[in-house]
Number of protein chains: 2
Amino acid sequence: MQNKKGVAILGSTGSIGTQALDVLRANPEHFDLQILTANGNAELLIEQAIEFKPNAVVIVDESKYEAVKNALWSHDIQVYAGADSLEQVVTYNEVDIVLTALVGYAGLKPTLAAIDAGKHIALANKETLVVAGELVTKLAQEKGVNIYPVDSEHSAIFQCLVGEFHNPIEKIYLTASGGPFRGMKREQLMHVTKEAALKHPNWEMGAKITIDSASMMNKGLEVIEAKWLFGLKNDQIDVIVHPQSIVHSLVQFQDGSMKAQMGLPDMKLPIQFALTYPDRLPTDFPRFNFLNYPTLSFEQPDRETFSNLNLAYKAMELGGTAACALNGANEVAVQAFLDGKIGFLEIAEINETTMLNVENVNLPELKDYININDTARAFASELVNQIAK
Amino acid sequence: MQNKKGVAILGSTGSIGTQALDVLRANPEHFDLQILTANGNAELLIEQAIEFKPNAVVIVDESKYEAVKNALWSHDIQVYAGADSLEQVVTYNEVDIVLTALVGYAGLKPTLAAIDAGKHIALANKETLVVAGELVTKLAQEKGVNIYPVDSEHSAIFQCLVGEFHNPIEKIYLTASGGPFRGMKREQLMHVTKEAALKHPNWEMGAKITIDSASMMNKGLEVIEAKWLFGLKNDQIDVIVHPQSIVHSLVQFQDGSMKAQMGLPDMKLPIQFALTYPDRLPTDFPRFNFLNYPTLSFEQPDRETFSNLNLAYKAMELGGTAACALNGANEVAVQAFLDGKIGFLEIAEINETTMLNVENVNLPELKDYININDTARAFASELVNQIAK
C-alpha cells in the first residue's frame, strides 16, 4: 500500500464527490480511499462505501445513522453520524489529503480541523476561503499544509503558476461563462424562473453553485477565494466573460507574459490535478479540438445587472467579516429563491442589505465568523420573510 | 560584477540582436555584455560597442575589419573579423550564455562551438536545430547545456512546460499567423511581389524570416525545431492558424489539460525570458487587453497552397540530412525570390525538388551536414538558374 495517497472525500455524494470517485476508480494504484461522508444521501453513500471499502463513513443527517450502520455492518467500515464527526475523521493517520466538497459554510470547520491535523487540502468548497480566508490561510501556513484548488478557475491559475511560484503575479483574469442569463438586463431578470436559472450552458453542477453562476455571485466568491489562495490585492484580480468556458483562467506575470490553462469543461481534470500535483496522470477525458471552437470570445462582465460581482469586491474592501456576512446572506437568499419565496434580482438585494447592515468584526477569530454567519443568516431570513409576505 | 550573467550576442545588429540589446539596456544590473558580432553592418556594430563596452566584437565581413578596428581603438575592445572568429569568442570564460541570432545555416558552427565550451544557448537561430538537431541536442545533453528557445512559439511551449518537465507531453500546437497571404490560393500567389510578401501582419522581423512566414516554411522549420527542442514525435506536433498572434503556442499534457502562453506580439519578451529563466524581470512592455481582442480565432492551415509546411513533416519522416537539404534549398530560393529571380510559388517547388533529389545521409556527422548543405545549395541554385533563364 505504500506510495498510495490516503484520501478523505467530504461530500462524496455530490457533483464534485462523485466525479472525484470517478478519478479514484480510474487510478486505483495511486489512491487509497479512507473516508467518505454525505449530508443526507444515505443510499448513495452506502453504495459508494461498499464499492470503495473506506475505513470510515459519516452521514451528517443523524436520522439516517441506523440505516447506514445496518447496511455496512458486515463490511468492516466504521460509521459515524453528525456534523461534528467530520472534524474527527479528517484527522485519521491514514489520511494524506482531504477533498472538501461540502456545500457552503458547512465546509469551514472540517477544513480547519483537517489543516490543524496537518492534512493537505483539495479545496472544492470555496466558501471556506470566502468566509474565513484570513484564518484558514494563516493556519495552513503555520501547519505547512498545501491548499490545492479544485474550482476550475483556481486550478487554472494554480496550473499556470506551477514552476513559477517565485515569480510575482501582476494580475489574474478569472473567466466567467456569464451563465444562462448573460446579455439580459434587469427588466428581463425580474421574472426568471428557478428552472431557467438552473440551466447552466457549459457546466453540470449542484443547485447552489448553478444559481450562484446565474447571479454572478459565484464569480464574486471566486474573486475572494483567489485573493486568499494566491495572496493578491483586489486590483490584481479581474473577471472576463468567456462564454465558451474553454480558457479556464489566466495569469499575467510582471514581465507581461500571460499563461492560460484551457480545455473542455470537465471538473474531473482539476479534481485529479489537485490530488496528483505535481504529477499529471493519463486520462481518457475528451480532448479539446480547435475545429469545434474556431473562435474564443471575451467580453466585460455587466456589473450593473449582475451586481453580486461588485458586492464581492466591496466585501474585500471592507475586510473583517464582511465576506462572511455576504456569504451567509447569499446562502439564505439562494435557498429562498429555490423555494420560490423571492425573485432572482432579490438575491443580490438581500446580499447587499445584509452585508452593509450586519456588524463587521475586524481581525476575526473563528467564534466571530460563526457569530457573524449566524447573524447574517438571521438578518437575511428576516428580509426573505418581508418579501415573501 | 558577481551575479551578473555574461552574455554573448551573435548577430547583434539584426532584429533579434537589437531587441536583445534593449532588454540588456533596461536591466544593467542583471547582465554583463561580453561579445557583440555582426555580419556586415559595421556602423551599427561600432555604435553598439561604444555604448555597451563588450570585451570583444566580431565583424564577419573581413573587408570591414579596418573600419571597426579604427573606430574602437581607444575603447579597450578586442576586434576580430571572419566567420571563424565567432567560434572563438563564444568560448570566452566570462560568457555564461550565448544568444544565437544569426540568420540561417551560418548559426550552426558557432552554436556547436558554444555548446562544446559548456555555454548555455538562447536560441534564436532555428536553422541550427533544423539542420543538425540530432547532433546539437546530443552534444548539449553531453555538456549539460540548456537550450532556451527565443522563437516566440517555442518560448511559449517552454514557458508552459516550466515546472512540468517531468510530465509527459501529449501534443503541442504551434500557432501561425498565416502571414500576409492567408486565405489566398495558388493562382493568386503566382504573381505576388516581394513587397507584399515582406508585409507581415503582426511581427516586425528580418527579410528572410518574413518571406518564410509568408510561405509557411517558417512554420515548417519551427515544427522541426520543436521536435528537437522538446523531444517529440512527428504526430505530437500540430500547427493551428491564429491570425491575431496573441496565443503564442500551446501544450497538451497527458491528462488532457492544455496550457497556452499569450501576450501581444513582442519578441523582447521571449528574448528576456531566455536570458533570465527561471526568473521573470519586470518590464514596461505594453500589456495585452481583452477589450482590444474580443475574439481569438483559430483555423486549419492550408497545406495544399502552402506546401512548405508538409515538406517539413516529410523531412522529419525521411530523417538523416533531409531537413538540412530542405533548409539549404530554402535559403537559396528565398534569396532568389528577394532578388526577383523566381516567383513566390517556386520557392516551395525548389525546396521539394532539392530535398527529394539530394542524397540523404543517415546518422550524419558535422561533415555530412556541411556537405549536404553545400550540395543542396548548389542543386537549388541550378534550379533557380533554369527558372531565371
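Residues numbered from 1 in each chain as written. Chains lettered and ligands numbered in written order. Predicted model: local features only at pLDDT ≥ 70, side-chain atom pairs only at ≥ 80, totals over all residues. Heavy atoms only, no water.

**Student:** Explanation requested: the pairing of strand β4 (residues 78–81) of chain B in the structure shown.
**Tutor:** Within a regular strand, side chains alternate between the sheet's two faces. Bridge count between strand β3 (residues 56–59) of chain B and β4(B): four bridges; the pairing is parallel. Within β4(B), the residue paired with Ile59(B) across the bridge is Ala81(B). (Pairing = 2+ DSSP bridges. Helix = DSSP H or I, 4+ residues; strand = E, 2+ residues; numbered from the N terminus.)

**Student:** How do you make sense of the interface of chain B and chain A when you look at a structure like this?
**Tutor:** Many analyses report the size of an interface as the accessible area lost when the parts associate. Listed by partner, the interface residues are 43 residues for chain B and 43 residues for chain A. With both chains or domains summed, chain B and chain A bury close to 3800 Å², and 55% of this area falls on carbon and sulfur atoms. Together, Asp255(B), Arg280(B) and Phe290(B) form the three largest contributors to the area buried by chain B at its contact with chain A, with a combined 20%. Asp255(A) is paired through a salt bridge with Arg280(B); the nearest N and O atoms lie 2.8 Å apart. Along the contact surface separating chain B from chain A lie 36 residue pairs in polar contact (both at pLDDT 80 or more). For the side of chain B that touches chain A, the elements supplying multiple residues, two or more each, are α7 (152–161), β8 (169–176), β10 (247–253), β11 (258–262), α12 (268–276) and β12 (295–297) of chain B. If you tally residues by element for the side of chain B that touches chain A, the top one is β11(B), at five residues. Residue classes in the side of chain B that touches chain A are distributed as 22 nonpolar, 14 polar and seven charged. Relative to β11(B), strand β11 (residues 258–262) of chain A is paired through five bridges, and the arrangement is antiparallel. Opposite Ala260(A), over in β11(B), you have Ala260(B) as the bridge partner. (Contact = heavy atoms within 4.5 Å. Buried area = accessible area lost by both parts, 1.4 Å probe. Salt bridge = Lys/Arg side-chain N within 4 Å of Asp/Glu carboxyl O. Polar contact = N/O pair within 3.5 Å; in protein donor to acceptor, adjacent residues only side chain to side chain. Nonpolar A, V, L, I, M, F, W, Y, C, P; charged D, E, K, R; others polar.)

**Student:** Sorry if this is basic, but what is going on with the confidence of the model for chain A here?
**Tutor:** Interpreting fine coordinate detail is not advised for predicted regions of low pLDDT. Looking at chain A as a whole, the pLDDT averages 96, with 99% of positions reaching at least 70. With pTM at 0.96, the complex prediction returns an ipTM value of 0.95. (pLDDT = per-residue confidence, 0-100.)

**Student:** What am I meant to see in the sheet that holds strand β9 (residues 237–241) of chain B here?
**Tutor:** By way of backbone hydrogen bonds, the strands of a sheet pair with one another, either parallel or antiparallel. Taken in spatial order, the eight strands make up an open sheet running β9(A)-β8(A)-β10(A)-β11(A)-β11(B)-β10(B)-β8(B)-β9(B), and their pairing is mixed. The outermost strands of the open sheet, each flanked by one partner alone, are β9 (237–241) of chain A together with β9 of chain B. When strand polarity is set aside, the average angle formed by the axes of neighbouring strands in this sheet is 20 degrees. In this fold α7(B) packs onto β11 of chain A together with β8, β10 and β11 of chain B, with an angle of close to 40 degrees to the strand it touches most, β10(B). (Axes fitted to C-alpha atoms, helices over the stretch in contact; angles between N-to-C directions.)

**Student:** Just checking my understanding: could you explain the relation of the copies chain B and chain A for this structure?
**Tutor:** The operation linking the two copies of the chain is a rotation about an axis combined with a translation along the axis. The transformation that overlays chain B on chain A combines an axial shift of 0.0 Å with a rotation of 180 degrees, and the residual RMSD is 0.0 Å. Accordingly, the operation relating the two chain copies is best matched by a two-fold axis. Every residue of chain B has its C-alpha some distance from the rotation axis, and the shortest such distance is that of Gly163(B), at 1.8 Å. Take the interface residues of chain B: 100% of them recur as interface residues in chain A, which is what a same-surface contact looks like. (Least-squares fit on C-alpha atoms with pLDDT ≥ 70 in both.)

**Student:** Quick question: what am I supposed to make of the nonpolar core here?
**Tutor:** In summary, soluble globular proteins display a tendency toward joint burial of nonpolar side chains. Ile9(B), Val57(B), Val68(B), Ile172(B), Phe230(B) and Phe344(B) are the most contacted members of the largest nonpolar core, which has 128 residues in total. Filtering out sequence-adjacent residues up to four positions away, Phe230(B) remains in contact with Pro149(B), His154(B), Ile157(B), Phe158(B), Leu161(B) and Ile169(B). Counting residues in each nonpolar core, the second largest holds 127 residues, with Ala42(A), Ala124(A), Ile157(A) and Ile347(A) among its members. (Core = buried A, V, L, I, M, F, W, Y, C linked by side-chain atoms within 4.5 Å. Buried < 20%, exposed > 50% of the residue type's maximum accessible area, 1.4 Å probe, protein only.)

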